[in-house]
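Commentary on secondary and tertiary structure
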Amino acid sequence: MIDPEDITGLVLAGGRGSRMGGVDKGLQNFRGLPLALHALMRLQLQVGHTLVNANRNLAAYEAFGTPVWPDGLADYAGPLAGFLTGLERCETGWLLTVPCDTPLFPYDLAARLAAAAQAQDADIAMAAAPETDAATGATVLRPQPVFCLLRVSLLESLVQFTQAGGRKIDRWTAQHACAIVPFDQPDDDPLAFRNANTPEELRALESAA
């Protein structure tokens, strides 16, 4: 099995927060603490090392007590820019990414992704969670591409992809052996992958939780 000590957890908090009114989403309050701090504390229970990717208010993130690194790519290039920063700074064999706006992700996220990567000899393990299809009302299992366990040896591939202008996570992960890991068991929290992109979604998530 992949040792948790060989996994570095990365909180992705480098976005513009456009749908949150342009504020720094990771620093918005959830249950009395910043969203990104909730994510970091959950990660710290599961992995050996942690990092934060942020592009503003760096001192506020540094106060969390873990290393903070901004994007190497300009102009808020999206989650892949955070992946790239994490892979460049990671000193373990694996990097686990989580977004700052999904504070209830599973406590066994790292273990289940690592088990799947090991079992399938995959370079990437990605979470998938049930969602309601807006058109049909049916429940479908959708990949959650910002919840990824990545081999650090993928750095060169991601550098080439982003230098060529690539920004879509799924287009890059499709180039590699990727295990899709369902989180749809009866005891899985239905709110685990619910994110908060707007102030209304944040309040709703806090009420539901």
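The structure presented is a predicted model; accordingly, all values stated were derived computationally and were not measured.

With that out of the way, let us pick up the UniProt feature "binding site: GTP" (unreviewed entry) in the protein. The feature "binding site: GTP" (unreviewed entry), as given by UniProt, occupies Leu12, Ala13, Gly14, Lys25, Asn53, Asp71 and Asp101 in the numbering adopted here. Looking at the element boundaries, Ala13 is found in strand E1 (residues 7-13). With residues up to four places along the chain from it excluded, the contact list for Ala13 reads Asp24, Asn53, Ala54, Asn55, Tyr61 and Cys100. Position of Lys25 among the secondary structure elements: in the loop between E1 and strand E2 (29-30). Filtering out sequence-adjacent residues up to four positions away, Lys25 remains in contact with Met20, Leu35, Cys100, Asp101, Ala196 and Asn197.

What follows deals with the pairing of strand E9 (residues 178-182). The alternating pattern of E9 places Ala179 and Val181 on a buried face and Cys178, Ile180 and Pro182 on a face that is not buried. Here strand E7 (residues 124-132) runs beside E9; their pairing, made up of five bridges, is parallel. Note that in E9 the partner of Ile124 across the bridge is Cys178.

Two aromatic rings are characterised by how far apart their centres lie and by the angle between their planes. For the structure on display, the rule yields four aromatic pairs. For the ring pair Phe147 and Phe193, a centre distance of 4.9 Å and an interplane angle of 85 degrees mean the geometry is edge-to-face. Taken as a pair, Phe147 in strand E8 (residues 139-151) and Phe193 in the loop between E9 and helix H7 (199-208) lie far apart in primary sequence, 46 residues in all. Grouping residues by exposure puts Phe147 and Phe193 together as buried. A ring pair is formed by Phe183 and Phe193, whose centres lie 5.4 Å apart and whose planes are at 65 degrees; its orientation type is edge-to-face. Of this pair, Phe183 sits in the loop between E9 and H7 while Phe193 sits in the loop between E9 and H7, and the two are 10 residues apart along the sequence. Like Phe183, the residue Phe193 is buried in the burial classification. By way of ring pairs, the aromatic residues Phe105, Phe147, Phe183 and Phe193 are connected into one cluster. One residue, Arg42, lies across the ring of Tyr107, its end atom 4.0 Å from the ring centre. Directly above the aromatic system of Trp69 lies the positively charged group of Arg89, at a separation of 3.7 Å from the ring centroid.

About the thresholds
Residues numbered from 1 in each chain as written. Predicted model: local features only at pLDDT ≥ 70, side-chain atom pairs only at ≥ 80, totals over all residues. Heavy atoms only, no water. UniProt positions renumbered as here; feature names shortened; annotations may be inferred. Helix = DSSP H or I, 4+ residues; strand = E, 2+ residues; numbered from the N terminus. Contact = heavy atoms within 4.5 Å. Buried < 20%, exposed > 50% of the residue type's maximum accessible area, 1.4 Å probe, protein only. Pairing = 2+ DSSP bridges. Phe/Tyr/Trp six-rings, centres within 6.5 Å; stacked < 30°, edge-to-face > 60°. Lys NZ or Arg CZ within 6 Å of the ring centre and 35° of its normal.

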